[in-house]
There are 2 protein chains.
Amino acid sequence: MIRIGLDVMGGDYAPDSVLKGALMAYSAWSDTFQLVLFGQPSVIQPFLKSNPEFAAHCDVVFTEQVIEMAASPVRALVEKPESSIVKGLEALHAGQIDGFASAGNTGAMLAGAVLKLGSIREDIRPCLMGCLPRPNGTDGIMLDVGAIADTKPETLRDLALLGQVYAQTVLGIEQPKIALLSIGEEPEKGNAVTVAGHKLLAEMENIQFVGNVEGRDIFSEKADVVVTGGFTGNIVVKLSEKFFEIAQEYNCADLPFFKRLNYETYGGSPILGVNKPAVVGHGISSPLAIQNMIWLTYDIARTGLCERIHSALTHE
Amino acid sequence: MIRIGLDVMGGDYAPDSVLKGALMAYSAWSDTFQLVLFGQPSVIQPFLKSNPEFAAHCDVVFTEQVIEMAASPVRALVEKPESSIVKGLEALHAGQIDGFASAGNTGAMLAGAVLKLGSIREDIRPCLMGCLPRPNGTDGIMLDVGAIADTKPETLRDLALLGQVYAQTVLGIEQPKIALLSIGEEPEKGNAVTVAGHKLLAEMENIQFVGNVEGRDIFSEKADVVVTGGFTGNIVVKLSEKFFEIAQEYNCADLPFFKRLNYETYGGSPILGVNKPAVVGHGISSPLAIQNMIWLTYDIARTGLCERIHSALTHE
């Protein structure tokens, strides 16, 4: 059975929100995967005692240290080798679990994933992927959404490939349409990195490159995979969250599309480009978001995404 | 009386949409300013004949050539000296009108504004400004929204000053809060240009710099002026348009905030950094958008924005 590790200590509302989310995920899907909780005994033991049925289906790895949400990532990884994040990633590397999810310090998860799991190819910088709801009910994806602030044209090519394999493997889109986010449809529109990136993407024979798309096309069916640098991608994702909040204020957040703009729907952002399935959740993760983050991690582990990415990116 | 020039030939639905919008603007505000129409006699004359009261309050400059929406900007300016855009900008430079608005070729308007009106300071690249509706009913602004695709840190400093003077002069915000759009609130978060730009903005003594804001803060009161490069700014603006369209599909576009996300509400984007008031409208401009573009141009001319920008940017 697939084993999914969960960082009980990560997130603004951890450990309560995380444990409640774990319970929700378990209640709905207990036969499908096994949860492995990483966290402090003082936190986990009382919860398991109150939830004996859940406890019977969980594994636990007790970890003493906690990486704070605002800690400097690399320093935290060095100074806290006994933290839930470090222990979780080490267990993932060692094959004791098949995926690891944390709503904790994103920087520590990203740096830790590279350090402990390794990049799929030496020159690849891991990125964060975001899901894009579309009004027709299907999902698209965008990457990078915040890991790579300064993007080179070659990075955009890697992102296109990572996104393609994700769309094929996890979303089941056989021949995904790949687009580059820019400020005009013409190849020569955009900033220097995007214009150079467009040329590289247009030369790739193993993707279906549909050209540039604009801001208005992000949540549309023009593209299944929207490629962009982490700076712009991050701003798009956070702006979309804001729109969801505004929709909530106006009591229209339950409408199908707006509902899926809610960060809770997808639960987290996969780290793509490392050798094993790691997912980071939003710091503010609610129990529902944690549940969905666990499922997302399970989906990535179950479908063998990392193996398929490895094969696509090392046998070009 | 203030005289506002209007490019009758510019826009996907020109001239019909433009003339209808001119009539709307006139009907509501005929005593406040005088319209000067720039366009082909074969188009303007029949309209004036059918609207004699409007005709009595309009001036007309007949122009024979039309710069197409998709034309190469610089080439179009050279090859069509008798076009409505070139003639309008020349009349503005000569003081025959006090502002000029066009929903036509944005690139031609931008290049033409530099060529015919001149930059306020030699080293300043003109930018496009966008209005940001806020849920509390007030407006903020963002710049650049598409003129400067590759932004240098020094450009961000110019944008901050341009935005400050606009907010003070046109929006009446005495001491506007100026923020830099980035992917984290900490000064060291962001891409290289933004991190360097943060340092420059933090050193400015003549602005109230409130630090970085994130994508979720764009439509909020954290900042009155959001400074960003034209690449990201353009994507934000077009994504917001998409959200308005989706709200329309779900029949909630009449809710106060969503309604103001409609590009028609503000009517256009001022070109800031040139010596005279020039405004570009959305290519798809409806009559309502044209009306509001005319009013926006009037507001900029009336308040003496360009003179105040000149004084702020040349006496630093």
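Residues numbered from 1 in each chain as written. Chains lettered and ligands numbered in written order. Predicted model: local features only at pLDDT ≥ 70, side-chain atom pairs only at ≥ 80, totals over all residues. Heavy atoms only, no water.

Thoughts on the overall build of chain A
Here comes step 1: The secondary structure content of chain A amounts to 13 helices and 11 strands.
Here comes step 2: For 316 residues, the compact-globule estimate of 2.2 N^0.38 gives 20 Å, and the C-alpha radius of gyration of chain A, at 19 Å, lies within 12% of that figure.
Here comes step 3: Every one of the 316 residues in chain A was classed for burial, and the buried ones make up 60%.
Here comes step 4: The contacts in chain A between residues at least 6 apart in sequence include a share of 69% that link residues at least 24 apart.
Here comes step 5: Counting every atom, chain A has about 12,100 Å² of accessible surface; 50% of that belongs to carbon and sulfur.
Here comes step 6: Between the averaged position of the 24 positive side-chain charges in chain A and that of its 37 negative side-chain charges there is a distance of 1 Å. (Helix = DSSP H or I, 4+ residues; strand = E, 2+ residues; numbered from the N terminus. Rg over C-alpha atoms; globule rule 2.2 N^0.38 Å. Buried < 20%, exposed > 50% of the residue type's maximum accessible area, 1.4 Å probe, protein only. Contact = heavy atoms within 4.5 Å. Areas by Shrake-Rupley, 256 points an atom, 1.4 Å probe, with all protein chains shown as cover. Lys, Arg positive; Asp, Glu negative; His and termini not counted. Charge placed at Lys NZ, Arg CZ, Asp CG, Glu CD.)

Some words on the pattern of salt bridges
Here comes step 1: If you walk through the whole model with that rule in mind, you get 32 salt bridges over all chains.
Here comes step 2: Residue B:Asp59 pairs with B:Arg3 through a salt bridge whose shortest N-O separation is 3.0 Å. Within this pair, whereas B:Asp59 is found in strand E3 (residues 58–62), its partner B:Arg3 is found in strand E1 (residues 2–7), the two being separated by 56 residues in sequence.
Here comes step 3: Classification of B:Asp59 by relative accessible area gives partly exposed; the value is 29%.
Here comes step 4: For B:Arg3, a relative accessible area of 23% puts it in the partly exposed group.
Here comes step 5: Linking B:Arg134 and B:Asp224 is a salt bridge whose minimum nitrogen-to-oxygen distance equals 3.1 Å. With B:Arg134 in the loop between strand E5 (127–133) and strand E6 (139–143) and B:Asp224 in the loop between strand E8 (208–213) and strand E9 (225–227), the pair connects residues that are 90 residues apart, well separated along the chain. In this structure, B:Arg134 and B:Asp224 share a single accessibility class: buried.
Here comes step 6: One salt-bridge network, held together by shared partners, links A:Glu82, A:Lys87, A:Glu90 and A:Lys116. (Salt bridge = Lys/Arg side-chain N within 4 Å of Asp/Glu carboxyl O.)

Considerations on helix H1 (residues 16–29) of chain B
Residues and elements named next belong to chain B.
Here comes step 1: The first and last C-alpha atoms of H1 sit 20 Å apart over 14 residues, in line with the 20 Å expected at 1.5 Å per residue.
Here comes step 2: Those residues of H1 that fall on the buried side of the exposure criterion are Ser17, Val18, Leu19, Gly21, Ala22, Ala25 and Tyr26.
Here comes step 3: Those residues of H1 that are buried lie in contact with E1, strand E2 (33–39), helix H2 (41–50), helix H3 (52–56) and helix H12 (287–302). (Expected span 1.5 Å × (residues − 1).)

Considering the side chain of B:Asp7
All names here are of chain B.
Here comes step 1: For Asp7, the position within the fold is in strand E1.
Here comes step 2: The buried charged residue Asp7 lacks any salt bridge, with Lys80 as its nearest oppositely charged partner at 11 Å.
Here comes step 3: Only 2.9 Å separates the side chain of Asp7 from the backbone nitrogen of Met9, close enough to count as a polar contact.
Here comes step 4: There is a polar contact of 2.7 Å between the side chain of Asp7 and the side chain of Ser84.
Here comes step 5: Apart from residues no more than four positions distant in its own chain, Asp7 is found in contact with Val18, Phe38, Ser84, Ile85, Phe100, Ala101, Ser102 and Gly104. (Polar contact = N/O pair within 3.5 Å; in protein donor to acceptor, adjacent residues only side chain to side chain.)

All quantities given are derived from atomic positions and should not be read as evidence of function.
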